[in-house]
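Each chain, letter by letter, is given below.
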Amino acid sequence: MLTGHGLEHIDAGTRQALEQILELFTEVPGLVVHTVAGKVNVTRDFPSDYTTQVDRLLGAIFKNNAAVTGIEFLGLENPHTATPDDPYWLSQGKAYASIERAAARGEITPEEAIAAYRRLAGAPK
């Protein structure tokens, strides 16, 4: 997702290269591209597709196997255990999903969604 002043200076080739950079550096939440017209923020359309897929897979595991009561994600700065009542890989998963649904319904703009995601992640604005 690209926002900010200077969007007109980001052509298709540059956009594709920026997307590939974010795909390669999965731990990087976003980029700021400096243009002659201003800064352009480049972020994943959070939650990114892979995180949504992980959450769906977790939901399916809990739905289809009542013997599984939790799945703990190791190596996170803030470890989290997904459960049948909280089937998300991140502790803020419910909040992220709520923001995603609000954006999909048009209740908030993409810029408002990004700001909300950043507040949840504690990222600088």
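First, a word on scope: everything that follows refers to the structure included in this document. Everything numeric here is computed off the predicted structure, so don't read it as measured data.

So, how was this worked out
- Residues numbered from 1 in each chain as written.
- Predicted model: local features only at pLDDT ≥ 70, side-chain atom pairs only at ≥ 80, totals over all residues.
- Heavy atoms only, no water.
- Helix = DSSP H or I, 4+ residues; strand = E, 2+ residues; numbered from the N terminus.
- Buried < 20%, exposed > 50% of the residue type's maximum accessible area, 1.4 Å probe, protein only.
- Contact = heavy atoms within 4.5 Å.
- Areas by Shrake-Rupley, 256 points an atom, 1.4 Å probe, with all protein chains shown as cover.
- Lys, Arg positive; Asp, Glu negative; His and termini not counted.
- Charge placed at Lys NZ, Arg CZ, Asp CG, Glu CD.
- Patch = residues over 30% accessible without salt bridge, like charges linked within 9 Å, V, L, I, M, F, W, Y side chains within 5 Å.
- Salt bridge = Lys/Arg side-chain N within 4 Å of Asp/Glu carboxyl O.
- Pairing = 2+ DSSP bridges.

Here the focus is the overall build of the chain. Regarding its fold elements, the chain presents 4 helices and 5 strands. The N-to-C order of helical and strand elements in the chain reads β-α-β-β-α-β-β-α-α. For the chain, the spread of C-alpha atoms along the principal axes amounts to about 55 × 30 × 25 Å. By the burial criterion, 28% of the 125 residues in the chain qualify as buried. Taking all contacts inside the chain whose residues are at least 6 apart in sequence as the whole, residues at least 24 apart take part in 39%. A total of about 8200 Å² of accessible surface is found on the chain, and carbon and sulfur atoms cover 56% of it. Between the averaged position of the 11 positive side-chain charges in the chain and that of its 16 negative side-chain charges there is a distance of 5 Å.

The next thing to look at is a nonpolar patch on the surface. A surface patch of nonpolar side chains, amounting to about 320 Å² of accessible area, comprises Ile21, Leu24 and Phe25. Structurally, Ile21 can be placed in helix H1 (residues 12-24).

Here the focus is the pairing of strand S2 (residues 30-35). Where S2 lies against strand S3 (residues 38-43), 6 bridges are found, and the strand directions are antiparallel. Bridged to Leu31 within S3 is Val42.

What follows covers the pattern of salt bridges. By the definition in use, this model includes 1 salt bridge. Between Glu107 and Arg105 there is a salt bridge, and its shortest N-O distance comes to 2.7 Å. The class for Arg105 is exposed, based on a relative accessible area of 53%.

Turning our attention to the side chain of Thr3. Structurally, Thr3 is set in strand S1 (residues 2-4). Contacts of Thr3, omitting those with residues within four sequence positions, involve Lys39, Val40, Asn41, Glu111 and Ile114.

A few words on the side chain of Asp55. Relative to the helices and strands, Asp55 resides in helix H2 (residues 49-64). For Asp55, which is buried and forms no salt bridge, the nearest opposite charge comes from Arg56, at a distance of 8.4 Å. Setting aside its immediate chain neighbours within four residues, Asp55 contacts Pro87, Tyr88 and Trp89.

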